[in-house]
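Structural overview
Take a look at the letters that make up each chain.
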Amino acid sequence: MKELIIKSAIRQLGPFFKKGDEIIIDEITDDMITIAFSYSNRTIENGSPLIPIIKKAVISTYKLRGSEGLKSLSQSGKSMSFDNIEEKMRQDILKSRLRLLK
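My aim in this report is to walk through the structure given alongside it, one point at a time. (Residues numbered from 1 in each chain as written. Predicted model: local features only at pLDDT ≥ 70, side-chain atom pairs only at ≥ 80, totals over all residues. Heavy atoms only, no water.)

**Overview of the packing of aromatic side chains**
Following the criterion strictly, the structure yields 1 aromatic pair and no others. Aromatic pair F17 and Y62: ring centres 5.7 Å apart, planes at 35°, arrangement tilted. Taken together, the positions of F17 in the loop between helix 1 (2–13) and helix 2 (22–40) and Y62 in helix 3 (residues 51–63) put the pair 45 residues apart, joining distant regions of the chain. The residues F17 and Y62 share a single accessibility class, namely buried. (Phe/Tyr/Trp six-rings, centres within 6.5 Å; stacked < 30°, edge-to-face > 60°. Helix = DSSP H or I, 4+ residues; strand = E, 2+ residues; numbered from the N terminus. Buried < 20%, exposed > 50% of the residue type's maximum accessible area, 1.4 Å probe, protein only.)

Structure representation (C-alpha cells):
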C-alpha cells in the first residue's frame with residue numbers, strides 16, 4: 001500500500017518532485033497513513049479504500065514544505081490560503097463514509 005502511494009504521488013508530482021526527496025516523501029507517507037488509520041479506525045488489512053485520500057494528503061504536504069505554520073501567503077499580487085491538510089483528510093474520510101466503528 002505504502003509503495004503504491006509513493007510511486008503514484010511521485011508520478012503525479014511530476015516536475016515538482018526533486019530527485020533525492022524519496023526519504024522525505026516516504027516519511028510524509030508514513031505520517032499520513034498513521035493519521036488516516038487513526039481517523040478511520042482502519043488497518044493495513046482493510047485500508048485500501050483510503051489510498052486516494054492519503055495520496056492527496058501526501059502530495060499536498062510535499063508541495064507545502066517550507067511553509068509550515070502559515071495560514072496564508074501573498075506573493076506578486078496573488079494570495080493563497082493553506083488548508084489544514086490533516087483536517088481536510090479527516091473530513092474526506094468522514095464524507096466518504098470510510099470510518100469504521102470500533
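Further notes follow.
**Some points on the nonpolar core**
Membership of the largest hydrophobic core comes to 24 residues, with the highest contact counts inside it found for I25, M32, L50, I54, V58, M89 and I93. Of all the secondary-structure elements, those providing two or more residues to this core are helix 1, helix 2, helix 3 and helix 4 (85–95). Excluding anything up to four places from it in sequence, M89 contacts M32, I35, A36, I53, I54 and A57. (Core = buried A, V, L, I, M, F, W, Y, C linked by side-chain atoms within 4.5 Å. Contact = heavy atoms within 4.5 Å.)

**What about the pattern of salt bridges?**
In total, this model carries 6 salt bridges according to the counting rule given. Salt-bridge contacts for R65 lead to D21; the nearest nitrogen and oxygen are separated by 3.2 Å. Highlighted residues: R65 in the loop between helix 3 and strand 1 (72–75) and D21 in the loop between helix 1 and helix 2, separated in sequence by 44 residues. Note that D92 is salt-bridged to K56, the shortest N-O span being 3.7 Å. With D92 in helix 4 and K56 in helix 3, this pair connects stretches of sequence that are 36 residues apart. Here D92 falls in the buried class, since its relative accessible area comes to 12%. Given a relative accessible area of 45%, K56 falls into the partly exposed group. (Salt bridge = Lys/Arg side-chain N within 4 Å of Asp/Glu carboxyl O.)

**Concerning helix 4**
Within an α-helix, residues lying three or four positions from one another point in the same direction, as the helix has 3.6 residues per turn. Considered for burial, the residues of helix 4 that qualify are I85, M89, D92 and I93. Taken around the axis of helix 4, the buried residues stretch over an arc of 100°, which confines them to a single face. Buried-residue contacts for helix 4 involve helix 2 and helix 3. The opening residue of helix 4 is N84, an N-cap whose side-chain oxygen sits 3.1 Å from the backbone nitrogen of E86. (Arc of directions from axis to C-beta. Polar contact = N/O pair within 3.5 Å; in protein donor to acceptor, adjacent residues only side chain to side chain.)

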